[in-house]
Amino acid sequence: MEPATPEMPPFEFAKRDYPLAPATLYNIGGPARVALLPRTASEVEQAYRWMIAQPGPKLVLGGGSNVLIADGGFDGVVFFTTHLTGLEPLGGGRYRIGSGISLGRVVRDIMLPGNYAGVGALTGIPGSVGGAIYMNAGTVNGSTCEFLESVDLMGPGGLRSEAVTPELYSYRGQSFCGLYEVILGGTFRFTPSGEDQRAVYDHYMRRRREKQPQGLCCGSVFKNPPNDHAGRLIEACGLKGLRRGGAVISPMHANFIMNEDNATFADVLGLIQAARDAVRGRFGITLETEVRIIGGEV
Ligand SMILES: Cc1cc2nc3c(=O)[nH]c(=O)nc-3n(C[C@H](O)[C@H](O)[C@H](O)COP(=O)(O)OP(=O)(O)OC[C@H]3O[C@@H](n4cnc5c(N)ncnc54)[C@H](O)[C@@H]3O)c2cc1C
């Protein structure tokens with residue numbers, strides 16, 4: 001039996017056969033059957049209610065900086081948070097921030113002017129606030145959920161707000177966003193720092209420019225295993241520079257797989273599998289992907 005595919009909803013903010021490749025930093029992947037790009041609270045509610053009633057697969061997308069999408073596209077509904085850009089200062093270092101705002105803007109427009117502590121944790125990470133909360137994005141200096149007081153979610157039961165406590169998040173993950181829930185935003189709490197955060201920002205931006213390859217990619221492909229680095233393990237297997245079609249394991253950083261020349265989903269996936277097999281064979285460690293693979297098994 002054919003999988004059920006959604007009908008077209010009667011919303012001006014709904015698009016059919018919407019190209020997903022340009023919505024991702026890999027620039028790979030076919031179209032979404034239906035894309036929803038709501039702007040207002042009432043559109044969010046209409047969009048969500050409609051989406052959740054559809055039989056096929058559903059996906060939420062923010063900045064597309066941590067996804068690898070199949071060339072065949074996504075035969076379901078994609079809910080984009082792009083336009084959920086509300087930003088409300090609440091006083092005392094607290095801000096209610098919409099999921100569609102870029103994390104870079106949070107750093108530049110909130111943390112730096114307030115000289116708030118923690119710039120080193122969030123500097124240089126692409127993507128949206130919603131994606132950063134979902135992934136608990138961060139660096140060795142800290143992660144997004146550490147700054148979160150509460151998160152606003154839309155789920156099958158409607159709108160809800162949940163207090164965020166440390167046991168609800170971990171390295172590149174959290175447990176408060178349930179299946180088919182959309183993070184609409186969150187209340188962040190920042191505290192002033194005694195250290196010059198502009199200098200911290202400049203330092204980490206410079207480090208990224210020096211140590212990270214530039215181009216189409218998803219950042220780190222694999223999570224770091226406990227007490228080690230995925231990049232070190234892949235490099236030790238001699239895989240830097242390995243190519244599949246238009247994709248390459250970066251000669252600069254082995255945990256980055258670049259779309260160098262019109263790479264396909266299969267090209268990148270092939271390198272992911274090659275790296276995982278080599279590391280498992282040599283070190284007995286099974287690397288877990290950090291990138292979200294949409295529409296293919298690895
Ligand atoms: C050059 C480069 C450098 C990077 N450096 C870092 C780094 O230092 N640290 C780090 O942690 N990451 C890093 N990343 C990865 C990526 O930027 C982060 O994971 C980022 O937080 C993803 O946000 P996004 O909005 O792009 O999410 P997307 O790629 O759009 O989505 C990622 C996942 O989150 C889900 N999601 C997104 N928004 C929502 C929402 N509102 N509600 C529910 N689910 C949602 C999606 O369904 C998907 O599963 C890097 C990526 C690149 C390209």
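Criteria and cut-off values
Residues numbered from 1 in each chain as written. Predicted model: local features only at pLDDT ≥ 70, side-chain atom pairs only at ≥ 80, totals over all residues. Heavy atoms only, no water. Helix = DSSP H or I, 4+ residues; strand = E, 2+ residues; numbered from the N terminus. Rg over C-alpha atoms; globule rule 2.2 N^0.38 Å. Buried < 20%, exposed > 50% of the residue type's maximum accessible area, 1.4 Å probe, protein only. Contact = heavy atoms within 4.5 Å. Areas by Shrake-Rupley, 256 points an atom, 1.4 Å probe, with all protein chains shown as cover. Lys, Arg positive; Asp, Glu negative; His and termini not counted. Charge placed at Lys NZ, Arg CZ, Asp CG, Glu CD. Near = heavy atom within 4 Å. Polar contact = N/O pair within 3.5 Å; in protein donor to acceptor, adjacent residues only side chain to side chain. Core = buried A, V, L, I, M, F, W, Y, C linked by side-chain atoms within 4.5 Å. Pairing = 2+ DSSP bridges. Axes fitted to C-alpha atoms, helices over the stretch in contact; angles between N-to-C directions.

If you tally the helices and strands in the chain, you get 7 helices and 18 strands. The C-alpha atoms of the chain give a radius of gyration of 19 Å, which matches the 19 Å a tight globule of 298 residues would have. Each of the three principal axes of the chain carries a C-alpha extent, and together these read 60 × 50 × 30 Å. Counting the 298 residues in the chain, one finds 51% classified as buried. Sequence-distant contacts in the chain: of pairs separated by 6 or more residues, those separated by 24 or more amount to 65%. Accessible area of the chain: about 13,700 Å², with a carbon and sulfur share of 51%. Computed over 28 positive and 29 negative side-chain charges, the separation of the two mean positions in the chain equals 4 Å.

The next thing to look at is the site of the ligand. Val60, Gly63, Ser65, Ser128 and Gly138 are the nearest of the 34 residues found near the ligand. Contact distances for the ligand include 2.8 Å between an oxygen atom and a backbone N or O atom of glycine 62. At a separation of 2.7 Å, an oxygen atom of the ligand approaches a polar backbone atom of glycine 63. Here the ligand, which alone exposes 970 Å², has 93% of that area covered by the protein. When residues of the shell around the ligand are traced back to their parent elements, those giving at least two are strand 3 (58-61), helix 4 (129-135) and strand 14 (182-189). Here the shell around the ligand gets 5 residues from one element, more than from any other, and that element is helix 4.

The subject of this paragraph is unusual backbone geometry. Negative phi characterises most residues that are not glycine, and trans characterises most peptide bonds. For asparagine 115, which is not glycine, the phi torsion reads 45° and is therefore positive. Phi at asparagine 136 takes a positive value of approximately 45°, unusual for a residue other than glycine. Relative to the helices and strands, asparagine 136 is located in the loop between helix 4 and strand 8 (138-139).

With that settled, consider the nonpolar core. Met111, Phe176 and Phe190 are the most contacted members of the largest nonpolar core, which totals 33 residues. Those elements giving two or more residues to this core turn out to be strand 7 (94-98), helix 2 (103-114), helix 3 (119-122), helix 4, strand 10 (148-155), strand 14 and helix 5 (197-211). Those residues in contact with phenylalanine 190, other than ones at most four positions away along the chain, are Gly92, Gly93, Tyr95, Val106, Ile110, Met111, Tyr116 and Phe147. Listed in part, the 30 residues of the second largest apolar core include Leu68, Cys217, Ile234 and Phe265.

What links the strands of a sheet is backbone hydrogen bonding, and the strands pair in either a parallel or an antiparallel sense. With respect to topology, 4 strands assemble into an open sheet ordered 1-2-5-3, the strand pairing being mixed. Both outer strands of the open sheet, strand 1 (14-19) and strand 3, are each paired with one neighbouring strand and no more. Shown here is a sheet whose adjacent strand axes are inclined to one another by a mean of 35°, direction ignored. Relative to the sheet, helix 1 (residues 41-52) contacts strand 2 (31-36), strand 3 and strand 5 (74-80), its axis offset from that of strand 5 by approximately 160°.

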